[in-house]
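# Coordinates in review
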Amino acid sequence: MARSRSEKARTGCAGRISSWTLLVALAPAAAALAQHPPRLVFVVTTGADHPPAGPGVTLRQALEAAAADPRDNVVRFDPRVFAESTVRIVLERGLALRAGPEGAGHDTLEAAGCRIEIAGRMDTGPLLTAHGLTLAFRNVSFDASSTRGLYLSDCPEVRFERCTLSGSLGAGITAFGSGAVQVIESTITGCRTHAIETHDQVALLAAESSLSGNGQSGLAQFDRSRAILADCRLDDNGRWAAVVSASASLRADRTEMRRSGLAHLDAGADSHVELNDCSLRESKRFGIMAGGRSQVRLIRCAVTSQAARGIELQDEAQAVLRQTLVGWNGHFGIVLFGRSIAHIDGGSISGNRGHGMAVRDQATAEAYDCRFERNEYSGIGAPDAGSHARALARRCTFHGNGMRPIFRGPMHIDPPVPTVARIDGRFVLVRTPPRATVDLYLDTGGEAARYLRTVVADDIGTFRLSLDEVPSGQVMTAAATTVDGHTSEFNVIAAQPDREILAALLARTGPLSDAGGPIDTDAAVQRWRPGTHVVFQFAERPPPHVVRYVQWFTQRLGDWTTGTVTADAAFEPPTSLPPGAMSVPIEFAYQTDERLRGAGGTTYTRWDSQGFFTGPIRIVLARAGPAELPCPRVAVHEMLHAMGLYHARVGLLSRMQGMTPPATGYVNDFAPAPTFHDVLALQVLYKQKVMSRITIAQLTRAGLLPQAPGPSLAAVRPSERPTTEEPESAELNHQTASRQ
Ligand SMILES: [Zn+2]
């Protein structure tokens, strides 16, 4: 059985050799093959390493003679002497093989019928050194546990077939100079440093072999050495499966790397690595570390289940991932530092702890058609506008991530998310950066789970949609990619008008409101008197990113209230207000301040019997700790309360901003800006110029609210009445701390 299996494996191997032409071409020995000089057969007749007293040939004598002879010679073992299944030959000192004055042929050492184990006696140097030779070893075991393994220098070709090498005090095989090493159906294990170490311009081919269980690595490449691994295993190595340094290059096909101590692959300097159909898993730290100016390509690979990060790029490293899975790693799936670049095409980045992909420093990440699913935080943790990093995501899908599909830091306005400017019957006008490419998605929760289509905004940054495109019970989500290649976060830009969401936003009633229960049609709305100019008056100047976000928000409020009221923000100490203007003071307070009641922000409102706001209306925002920046989303959330909107269980006015995962009954639709529903609610609120109390029933009669609840968003149905305690007064108090 064993024999037939081995034959099959050999046939398979020979069949595949033809595809390894790259390496064969690198071997100068190929030219000499054509000569076919006659060969000699040397027969080893004693297992001793001393010259025997009578007639007899030692392994040392046979190998030295074969090496010195210019023909293609064969060294065999006399079957009458070596009849046992395994014969151990212990060398007194290392074998040193050199060509004779007439040059060397292609010599082969074959153990047929039994396995020959060659061992050294003590640490006297390498077990074998060969210089300038073409050698083949078949069925030979090298026990290098007392020696420094095999040293090959400038050997045109040294081939190991069905060999075992174990236990070197240094590397198993160290190859210098030029030439090629081939390791076929062999095992190298238990070496103190590396299974194979290549220097200079050596070309290595390892096929159907195991380079596992070595102190440092399975393969260590230096200088300009090149390696191809095909159908190999590199498991349980102390630090790396493969470390590729200097200008070395590695290609690995269908190779598995498991349980490395530090990283499966460490690529540095100017190295090149290409992995095709490889599996890298269960590293005790990282999957791939690439630094320097290294270039790494992964085609149809799986980088899964490492204890820490899947792939880390540093310096100016570049990675290309095609149809590759980076999943279930104990930290980020991919993280980019320095000026590194990642280009991702297809595949999946899923199930990782932390962000699926995090882009830091001045790094660049571009992802096309990639799935980001079930990552603990965001799909992509993108840089802030203030940083020089760049993240682009086109037609990627996001599902089940703990936070927003794309997450930006505290500046997170640039590029701004697509935001509804106006809803006109069944048509929606959306505002986005000029000439941005906008990918549209449909799903039930606003997480960008299903890609729909792409539109391009006009020169002033607008495009139109029809609500007929959005099936009932789903929402349309969009992200904009600017002409200079930055992708915004996502926002909900279209949905069927939803009675329950609008009732919650407008009058704090119904199942999606903080009050819970059925909709009270007598619940009334609160709003500013038509013609009011609202001035959000900051008591002290907030950080620049808050200023920019607040300005962006107030500039759009006029659109959203269809001009019924206008707003702006003042960041300097209060001055006299123009006639008709109302001031909403915004103060910062420490988290312990009782006005905050432990929340990230609080808005206090008062209104008259007609539902028009009266003074004093004020907002208190939590002052960020010394190490963190205040979140402008909280400021805008509070300002929407001050315009008359209440909490709903979706969008910017949900209480879940930053909760991971969302609390029961909330849906994480990840809105960083007013959503379609928020804008629709503002439009409804300020369209009615009736100067008396306005109730849900009146809005319904006026056709501004749908008559009946639609299928709504299944995911936002609260399973029970909310347990959050709200003050019974008109004051709003809520926690909106955002997770950064
Ligand atoms: Zn709130």
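First, a word on what this report is: a plain description of the structure on this page. Small disclaimer: the values here were computed from a predicted structure and weren't measured.

On to the overall build of the chain, then. Secondary structure summary: the chain contains nine helices and 56 strands in total. For the chain, with 740 residues in total, the buried portion stands at 57%. A sequence separation of at least 24 residues applies to 59% of the contacts in the chain between residues at least 6 apart. Surface summary for the chain: the accessible area is close to 27,900 Å², and the carbon and sulfur share equals 51%.

Closest axis-to-axis distance for the helix α5 (residues 499-507)/helix α8 (residues 676-687) pair is 10 Å, and the angle between their directions is 60°. Compared by their axis directions, α5 and α8 come out oblique. For α5 against α8, the interelement crossing comes out right-handed. Mapping the contact onto sequence places Ile501, Leu502, Leu505 and Leu506 in α5 and His677, Asp678, Leu680, Ala681, Val684 and Leu685 in α8. The residue inventory of the contact of α5 with α8, partitioned by class, reads eight nonpolar, one polar and one charged.

Ranked by internal contacts, the top residues of the largest apolar core, which has 102 residues, are Phe137, Leu152, Phe160 and Leu275. Among the elements that line this core, the one with the most residues is helix α4 (residues 59-68), at five residues. Among residues more than four places away in sequence, those in contact with phenylalanine 137 are Leu109, Leu128, Phe142, Val158, Arg159, Phe160, Glu161 and Cys163. Grouped together as the second largest cluster of nonpolar side chains are 82 residues, Ile413, Leu440, Ile586 and Val679 included.

Now for the packing of aromatic side chains. Here the distance between the centres and the angle between the planes together describe a pair of aromatic rings. Tallying each qualifying case throughout the model produces 14 aromatic pairs. A centroid spacing of 5.3 Å and a plane angle of 65° characterise the contact between phenylalanine 398 and phenylalanine 490, whose relative ring orientation is edge-to-face. Here phenylalanine 398, found in strand β42 (residues 397-399), pairs with phenylalanine 490, found in strand β50 (residues 487-495); they are 92 residues apart in sequence, far enough to count as distant. Per residue, the accessibility class of phenylalanine 398 equals that of phenylalanine 490, and both read buried. An aromatic cluster of three or more residues is present, and its members are Phe372, Phe398, Tyr441, Tyr451 and Phe490. The ring centre of phenylalanine 612 lies 3.9 Å from the NZ or CZ of arginine 527, which sits over that ring.

Below, the discussion takes up the sheet that holds strand β48 (residues 462-466). One open sheet holds the three strands; their spatial order is β44-β45-β48, and the pairing between them is antiparallel. With partners counted over all chains shown, the strands left at the sheet margins are β44 (419-424) and β48, one partner each. Strand after strand, the sheet turns through a mean of 25° between neighbouring axes, direction not considered. Sheet topology places strand β45 (residues 427-431) next to β48; five bridges connect them, and they run antiparallel. Within the sheet, the bridge partner assigned to leucine 429 lies in β48 and is arginine 464.

Located in the positive-phi region is arginine 259, a residue other than glycine, with phi close to 50°. Along the polypeptide, arginine 259 turns up in the loop between β24 (256-258) and β25 (263-267).

To continue, consider α5. With nine of nine residues buried, α5 is to be regarded as a mostly interior element. Along its buried surface, α5 packs onto α8 and α9 (696-701). The backbone nitrogen of glutamate 500 has a side-chain oxygen 2.9 Å away, supplied by the residue at the start of α5, namely aspartate 498.

Sheet topology places strand β53 (residues 581-589) next to strand β55 (residues 613-622); four bridges connect them, and they run parallel. Bridge assignment links phenylalanine 588 to a residue of β55, and that residue is leucine 621. Of the strand pairs in this sheet, strand β54 (residues 601-607) and β55 are connected by six bridges, and their pairing is antiparallel. Bridge assignment links glycine 601 to a residue of β55, and that residue is leucine 621. In this structure, the hairpin formed by β54 and β55 is closed by a connection of five residues, where glycine 611 is found at a positive phi of approximately 90°.

What counts and how
Residues numbered from 1 in each chain as written. Predicted model: local features only at pLDDT ≥ 70, side-chain atom pairs only at ≥ 80, totals over all residues. Heavy atoms only, no water. Helix = DSSP H or I, 4+ residues; strand = E, 2+ residues; numbered from the N terminus. Buried < 20%, exposed > 50% of the residue type's maximum accessible area, 1.4 Å probe, protein only. Contact = heavy atoms within 4.5 Å. Areas by Shrake-Rupley, 256 points an atom, 1.4 Å probe, with all protein chains shown as cover. Axes fitted to C-alpha atoms, helices over the stretch in contact; angles between N-to-C directions. Parallel < 35°, antiparallel > 145°, perpendicular 65-115°, else oblique. Left-handed = near helix turned anticlockwise from the far one by under 90°. Nonpolar A, V, L, I, M, F, W, Y, C, P; charged D, E, K, R; others polar. Core = buried A, V, L, I, M, F, W, Y, C linked by side-chain atoms within 4.5 Å. Phe/Tyr/Trp six-rings, centres within 6.5 Å; stacked < 30°, edge-to-face > 60°. Lys NZ or Arg CZ within 6 Å of the ring centre and 35° of its normal. Pairing = 2+ DSSP bridges. Polar contact = N/O pair within 3.5 Å; in protein donor to acceptor, adjacent residues only side chain to side chain.

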